[in-house]
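# Breakdown of the fold
Given next are the chains, with one letter for each unit.
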Amino acid sequence: MNHSLPEYHSDRTVTPDDYQPYIGKDGVDRLKRLADPVAGKSWASLSSTFEGGGVAEMLHSVIPLVRSMGIEASWAVIEGPQEFFQVTKKFHNLLQGVTQPITLEEIFGEYLGTIEANAKRANIAADMIIVHDPQPIGLTASGTFFGNVLWRCHIDTSAPDRALWRFVLPYINQCAGAIFTQPEFVGAGLNVPIYQITPCIDPLVDKNQLYNDRQALGTLDALFSEHGVDPERPILAAVSRYDIHKNQGTILEAFRRLRQERTYRQPPYLIFLGNTAPDDPEGEGMLASLREQAGDDPDVRFWVNVPDNDRVVGALMHVARSFIHVPTREGFGLVVTEALWQGTPVVGSKVGGVIKQVVDGKTGYLADSGDVEAIASLMARVLDDPQEADALGKGGREHVRRNFLLPELVSRYLSLLDYYSGVSDTLPHFRLDSVSHNEIAQALRRSHPHIPTPLVDGDLTRLRDIRSAAAAD
Ligand code: UDP
């Protein structure tokens, strides 16, 4: 019986040079310079799913790239019954400030019970261990990790449910550091070094290939026929999981308002493209209520878990006149990055990572996430002025090229690996808290006596032996 956690395998080969068309030779050289000193060091990631959502999306790209630079990168996922993911979904919601009942049985029975079962299979030894999001956070205190553990938070914990925050805080505070997407997302009470890493997209994957109209329409042809979509009519697209924060109901309402107020010779479609993620059990219910809200609206389409997902996502974003994303909370919103990369202007809401990407009047337009009237009139604005929409699209693409492409994200992780594996004591420049280097070093020595001492090879080998013995058991 295999007792270790499921591990990610990939045959994808990619090198820093493949990114040269996007980041130039200087960008490639910079990446190599950062990777050289940490070649041979190990970096493990732990998350809750290999498929679905932004974390998985990024790790699929990060792992092959850093492996090509000699880093021992691995990625494992925790496992649990559906009830566990129902509880962790509540964690996700509560930490982002949604009021929702949660019972002690759910926390101490379902959550910690499943964490305990995973801990038995999670001997992870690496110079740097990145634990993604709240789902696996309980494992950080399980004693089964050997190395410098950092919690990577992809959500906005600035106004969390206080009781749950108190529950997770001790787990975070015994890590060697925490990584947030934006300074504003950091919840109160952290006393570990805090870093900022912004999510990024990979220009080399199918989804982010730059389509031309012919290729995009070709990719969508079968879906257009199946769902009766006339390619001559403009499309407003919305892509995401079905989740309360994604606020798809408001998009639907705004689309209704738009057509009440205007008549179009070529009326627009609203196409929702979405998938359901195994660690997100609320998705099906959300989708059902959205369908009910749409009723028999002849201009609304739902494409769910489509075949050839990645090409379809890129192609739909390319052909759309505008991409609509108005969440009430959003850690970052890779879908916005992807749409901008395809040269499509985004109507977004003034929250979280969306604001960083949608520069009002330059890459798209911003409205409040609950302002149906404003969202409807911004939809009208992009539909009515295709030239302006084009200019916004070009601005969006350049904004992404400068700020949100994968090599930037990888560079930051490499700097962390450099620091935490003890190769250098250069403090990563993207540290958010303003403690001086000495203070950090002292704090780290107190709570993590092994930092910044690198792991010795013998230790790693020993732990690997224990793991393989467990796996063979
Ligand atoms: N996605 C997809 N197919 C879908 C819906 C979403 O491939 O039907 C992808 C989307 O392209 C993006 C990721 O899932 O890469 C969602 O990331 P984001 O940061 O927008 O949201 P999250 O789901 O992490 O909250």
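Right above here is the structure, for reference.
Here goes a summary of the coordinates provided. (Residues numbered from 1 in each chain as written. Predicted model: local features only at pLDDT ≥ 70, side-chain atom pairs only at ≥ 80, totals over all residues. Heavy atoms only, no water.)

### Some details on the overall build of the protein chain
Counting its regular elements, the protein chain contains 16 helices and twelve strands. Relative to the 2.2 N^0.38 estimate, which gives 23 Å for 473 residues, the radius of gyration of the protein chain is 23 Å and therefore close to what a compact globule would have. Every one of the 473 residues in the protein chain was classed for burial, and the buried ones make up 56%. In the protein chain, the proportion of contacts linking residues at least 24 apart, taken out of those at least 6 apart, comes to 72%. Surface exposure of the protein chain reaches about 19400 Å², of which carbon and sulfur atoms provide 50%. Charged side chains of the protein chain number 44 positive and 61 negative; the gap between the two group centres comes to 4 Å. (Helix = DSSP H or I, 4+ residues; strand = E, 2+ residues; numbered from the N terminus. Rg over C-alpha atoms; globule rule 2.2 N^0.38 Å. Buried < 20%, exposed > 50% of the residue type's maximum accessible area, 1.4 Å probe, protein only. Contact = heavy atoms within 4.5 Å. Areas by Shrake-Rupley, 256 points an atom, 1.4 Å probe, with all protein chains shown as cover. Lys, Arg positive; Asp, Glu negative; His and termini not counted. Charge placed at Lys NZ, Arg CZ, Asp CG, Glu CD.)

### Details of the side chain of Q135
With respect to the element layout, Q135 can be found in the loop between β3 (124-132) and β4 (145-152). Judged by its relative accessible area of 9%, Q135 is buried. Those residues in contact with Q135, other than ones at most four positions away along the chain, are S48, I78, F84, T88, Y111, I115 and D279.

### Some thoughts on the sheet that holds strand β1 (residues 42-47)
One open sheet holds the six strands; their spatial order is β2-β1-β3-β4-β5-β6, and the pairing between them is parallel. Sheet topology places β2 (72-77) and β6 (194-196) at the edges, where each strand pairs with a single neighbour. Within this sheet the neighbouring strands show an average axis-to-axis angle of 25°, counted without direction. Here four bridges tie β1 to β3, and the two strands are oriented parallel to one another. Residue pairing for β3: A44 is matched across the bridge by I129. (Pairing = 2+ DSSP bridges. Axes fitted to C-alpha atoms, helices over the stretch in contact; angles between N-to-C directions.)

### Comments concerning the environment of P193
Mapping P193 onto the fold places it in the loop between β5 (177-180) and β6. Exposure remark for P193: the relative accessible area of 8% places this residue in the buried category.

### Here we look at the site of the ligand
Around the ligand, a shell composed of 16 residues is seen, among which K207, R241, K246, N309 and E338 lie nearest. In this structure, G274 approaches the ligand through a main-chain N or O atom, which is 3.5 Å from an oxygen atom. For the ligand, whose unbound accessible area comes to 540 Å², protein coverage reaches 92%. Secondary-structure elements contributing two or more residues to the shell around the ligand are α2 (54-68), β8 (269-274), α9 (309-319) and α10 (334-341). The biggest single contributor to the shell around the ligand is α10, with three residues. For the shell around the ligand, the residue count by class is five nonpolar, six polar and five charged. (Near = heavy atom within 4 Å. Polar contact = N/O pair within 3.5 Å; in protein donor to acceptor, adjacent residues only side chain to side chain. Nonpolar A, V, L, I, M, F, W, Y, C, P; charged D, E, K, R; others polar.)

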